Every structure is written in structure tokens, then in C-alpha cells.
Amino acid sequence: MSAVTTNLPAATRLSRSHRRNVVAHVFLGVLVLYFLAPIWWLFVASTKDAQGLFAGSSGAMWFDKNFNLIANIQDLFAYNGGEYVQWLGNSLLYAVSGGLGATAISVLAGYGFAKYKFRGRNLTFALLLGAVMVPMTALVIPTFILMSNLKLTDTVWAVILPSLLSPFGVYLMRVYTAEAVPDELLDAARVDGAGELRTFFQVSLPLLRPALVTVLLLSVVGTWNNYFLPLAMLSTERLYPLTVGIGLWEQLASSNNGGGHSLWSLIVVGSFISIIPLVVAFLTLQKYWQGGLSLGSLK
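Remember, it's a predicted structure, so these values are computed and weren't measured experimentally. (Residues numbered from 1 in each chain as written. Predicted model: local features only at pLDDT ≥ 70, side-chain atom pairs only at ≥ 80, totals over all residues. Heavy atoms only, no water.)

Visitor: Just checking my understanding: could you explain the side chain of Ser46 for this structure?
Guide: By the secondary structure assignment, Ser46 is in helix α1 (residues 2-46). Using a relative accessible area of 0% as the deciding quantity, one classes Ser46 as buried. Looking at Ser46, its side chain comes within polar contact range of the main-chain oxygen of Leu42, at 2.7 Å. The contacts of Ser46, once residues within four sequence positions are left out, are Asn68, Leu69, Asn72, Val268, Val269 and Phe272. (Helix = DSSP H or I, 4+ residues; strand = E, 2+ residues; numbered from the N terminus. Buried < 20%, exposed > 50% of the residue type's maximum accessible area, 1.4 Å probe, protein only. Polar contact = N/O pair within 3.5 Å; in protein donor to acceptor, adjacent residues only side chain to side chain. Contact = heavy atoms within 4.5 Å.)

Visitor: For this particular structure, what's the right way to read the environment of His25?
Guide: Mapped onto the secondary structure, His25 falls in helix α1. Of the polar contacts made by the side chain of His25, one reaches the backbone oxygen of Asn21; its length is 2.7 Å.

Visitor: I keep staring at unusual backbone geometry and nothing clicks. Help me out?
Guide: Peptide bonds are trans in most cases, and residues, glycine excluded, mostly fall at negative phi. A positive phi is found at Lys151, a non-glycine position, where the angle reads about 60 degrees. Structurally, Lys151 is set in the loop between α6 (140-149) and α7 (157-163). When its relative accessible area of 70% is taken as the criterion, Lys151 is described as exposed. Look at Asp154: it is not a glycine, yet its phi comes out positive at around 60 degrees. Inspection of the secondary structure puts Asp154 in the loop between α6 and α7.

As C-alpha cells, this is what we get:
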């Protein structure tokens, strides 16, 4: 009897812990379903023809009797002389060039803030932190005026140049560098006769790879999904990225009353194709991305 009494608190604690684990797993499962449901709907809708998209017999979340994905993709790439392919190439150009440039600037600036002492460093970094708080949409109009004065509006540079600035990327690289690159390691490299450039590229940069990939992913995704900046900067359709191009199709389909059903099919499958590069990038570089965020948050 005494043994049963002694074991009762432990069993009670185990039962409570088990209930908490069940609740946590159920909550995480609901979150997974919440985030995956739009992607699942987008994939299912991409397999339907125009009639099945609006009046399918299987509901919005399940496949129709006609699996039309391949035909929809063919129509997408052939529509209006293949303008979707042009927009896809533009998005790749803006995202890759803007992402690589923003990553390079963020790495250099963050490393400088973390490892070099200069007059005004704290004030400059405080201004940088303030820039993180400013919404990017609030800067579109001043950026448009600047680009207009430089005669760069309606060119690819009007999208690429503003994308090179990433205050959050600089902040993340500064915090990560301070944690991941010991000052003693840099001093040892300098004692061995290595210059500043050699010390950076051969000693520091390999240690910064997780944060570098993190900033690259965030910059590429931000530029890829950017809508308001290219909408304000560009007026030539052949320069549009996917976000603005698909938005243009949506306006055309909405203004076409009942005759835009086929265009809605292209909008849906075009939206589905546009997320595939981002999904592949995240799945491929996931371990570096997670490592960069976790270590960078220790500061």
C-alpha cells in the first residue's frame, strides 16, 4: 500500500507530462495543416481546367475528374507569346542579382561593425537598427524620386539597386560575426603575417557560411516576392517580375466579366510554378538557414 502511495506522484507527473506533449503535438499539427492548406489548394487547382476550377464536382480541395496540369502548364508558357517565361526570367534576374549583392554588402558591413573599431560605429549601427524598423513600402516613393532623378526608372536597375540594401542582413551578420569569429583567431592570423583581406577570406568567411546562406535566402525570397517596388518603378510589361505580371493578369481576368475563366486557370498554375524555386531553395539550404538563425539569435 505504501509503495502504491509512493509511486502515485510520479505517475501523476508522468500523466501530466504526457498530456502536455499530446497538446503540443496537436497544436503543431494544426499549424502544419494551416500553412500547407493554401499550397495544397494551389496544387489541386492547378490540375483543373477552367470549368473544373469554378464548377468542379469534387470540391475546392480535391482533384477533379480531368487531370489537366500538363495542359495548363503548356498553355501558361505559350500564352501571349510566352510572356510568363519572360517574367520568370526577370524574377530570377532580380532575385539572384539582388540577393547576391545584398548578401555581399551585408557580410562586409556586418564584419566591419563586429571586428573593427572606428569613430561613430555605435551611432551608425543605431541608425541601422532604426532602418530595420522602417517598412519597405514607406521607402518606395522616395526611392522612385531618386531613381527618376538618375534616369533609371523603367529599367532593371530600378529594381536591382534598391534590393542591394538589407539592414536586417547587416544586423544579422554583425551579431553572427561577433559570436562565431573569435578575436584571438584574427590576431593569430595577423601575427602569422596574413593581411586583412586574406584573414577575411581564408579565416573568417568559412566560419560565416551559415549566416551567409541565411542572409542570401532571406534576400532572394524578399526580392522574389517584392510587388510594390517593381510596380512603382516599371511601366514596360516585358520588364515585369512574376508578382506584377500575375497581378496584371488578375486585373484583366477581373475586368473581363465572364470571359476570363481561362485566364484564371493560367493565374493559378502560374502562381503554383512561381513558388517552386523558393521551395527548392529552402529545402536544399535548410540546415544552413536554421543554423544561421539559431546562432545569430544568441547575442
